[in-house]
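Listed below are the residues making up each chain.
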Amino acid sequence: MSELETGQTAPQFTLPRDGGGILTLSDFGGKPVVLYFYPKDDTSGCTAQAIDFTQLKPQFEKAGAVVIGVSPDSAKKHDKFKAKHQIGIDLVADEERKALEAYGVWTEKSMYGRKYMGVERSTFLIGADGKIARIWRKVKVPGHAAEVLEAVKAL
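A. Highlighting the overall build of the protein chain. Scanning the protein chain from terminus to terminus reveals five helices and nine strands. Mapped in sequence order, the helices and strands of the protein chain form the string β-β-β-α-α-β-α-β-α-β-β-β-β-α. Taken over the C-alpha trace, the protein chain has a radius of gyration of 14 Å; the compact-globule value for 155 residues is 15 Å, and the two agree within 12%. Counting only C-alpha atoms and orienting by the principal axes, one finds that the protein chain spans roughly 40 × 35 × 30 Å. The burial tally for the protein chain puts 45% of its 155 residues in the buried class. Carbon and sulfur atoms form 52% of the exposed surface of the protein chain, whose accessible area is close to 7900 Å².

In structure tokens:
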């Protein structure tokens, strides 16, 4: 599959969410969506990122946007992660990696010379029209949520 680019329609998905139930991307039609993909609940970088987005949630809401985190962890694991760290944003479980693959973030990674498949930390800003407005790949966590918020405000 070719890599997604700005201007393309964001791939749709319906996935299990934290707290039970399901979350469907199309439910947010008409408002901007910050869709961020992260490797694993309760790791240092992923925890810092979720906390950063949670702290800025009121500003994202004021700008009319919703923030959704996606990882291959289970919804049950998301519930524990949210409770432990007071995470206030929606988290969805993509255990079958359908959205991860559709967005091109399930990639080959390498650590200490060992190659493996995993999630490339990435964020997609989807405009109210359902098209991808901005893409951040290989995200570094410090300052990222604030940068995304500025992009939302600029829409």
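Alright, that's what it looks like, and here's the rest.
B. Structural view of unusual backbone geometry. Its identity is not glycine, yet Asp42 carries a phi of approximately 65°, on the positive side. Tracing the backbone shows Asp42 in the loop between strand 3 (33-37) and helix 1 (44-55). Asp42 sits in the partly exposed class, given a relative accessible area of 38%. The phi dihedral of Arg97 is positive, around 65°, even though this residue is not glycine.

C. Layout of the packing of aromatic side chains. This structure, assessed with the given rule, holds seven aromatic pairs. With a centroid separation of 5.0 Å and 70° between ring planes, the pair formed by Tyr103 and Phe124 is classed as edge-to-face. Here Tyr103 is found in the loop between helix 4 (98-102) and strand 6 (106-111), whereas its partner Phe124 is found in strand 8 (residues 122-126), with 21 residues between them in sequence. One aromatic cluster is present, built from ring pairs that chain together Tyr36, Tyr38, Phe53, Phe60 and Phe81.

D. View of the environment of Ala65. Among the structural elements, Ala65 can be located in the loop between helix 2 (57-62) and strand 4 (66-71). In this structure, the C-alpha to C-alpha distance between Ala65 and Leu149, residues 84 residues apart in sequence, is 9.1 Å. Ignoring any residue separated from it by four or fewer positions in sequence, one finds Ala65 in contact with Pro32, Phe60 and Val152.

E. Spotlight on the pairing of strand 5 (residues 90-93). Every second residue of strand 5 is oriented toward a common face, with Asp90 and Val92 on one face and Leu91 and Ala93 on the other, all of them buried. Taken together, the four bridges between strand 4 and strand 5 define a ladder with parallel strand orientation. When the bridges of strand 5 are listed, Ile68 appears paired with Asp90.

F. Expanded view of the pairing of strand 8. Along strand 8, five of the five residues are buried, which leaves the element largely enclosed by surrounding structure. In textbook terms, the turn of a hairpin is the stretch between consecutive antiparallel strands, and for strand 8 and strand 9 (residues 132-136) this stretch comprises five residues, one of which, Gly130, has a positive phi near 85°.

G. Structural view of the sheet that holds strand 8. Strand order across the open sheet formed by five strands is 5-4-3-8-9, with mixed pairing between neighbours. Where the open sheet ends on each side, the last strands, each with one partner, are strand 5 and strand 9. Across the sheet, the mean angle separating the axes of adjacent strands is 20° when strand polarity is ignored. Across four bridges, the pairing between strand 8 and strand 9 is antiparallel. Within strand 9, the residue paired with Ile126 across the bridge is Ile132. Against the sheet, helix 1 makes contact with strand 3, strand 4 and strand 8, and its axis sits at roughly 170° relative to strand 3, the strand it touches most. Across the face of the sheet, helix 3 (residues 75-85) comes into contact with strand 4 and strand 5 while running at roughly 150° to strand 5.

Here is what the cut-offs are and how they apply
- Residues numbered from 1 in each chain as written.
- Predicted model: local features only at pLDDT ≥ 70, side-chain atom pairs only at ≥ 80, totals over all residues.
- Heavy atoms only, no water.
- Helix = DSSP H or I, 4+ residues; strand = E, 2+ residues; numbered from the N terminus.
- Rg over C-alpha atoms; globule rule 2.2 N^0.38 Å.
- Buried < 20%, exposed > 50% of the residue type's maximum accessible area, 1.4 Å probe, protein only.
- Areas by Shrake-Rupley, 256 points an atom, 1.4 Å probe, with all protein chains shown as cover.
- Phe/Tyr/Trp six-rings, centres within 6.5 Å; stacked < 30°, edge-to-face > 60°.
- Contact = heavy atoms within 4.5 Å.
- Pairing = 2+ DSSP bridges.
- Axes fitted to C-alpha atoms, helices over the stretch in contact; angles between N-to-C directions.

These figures capture arrangement, not role.
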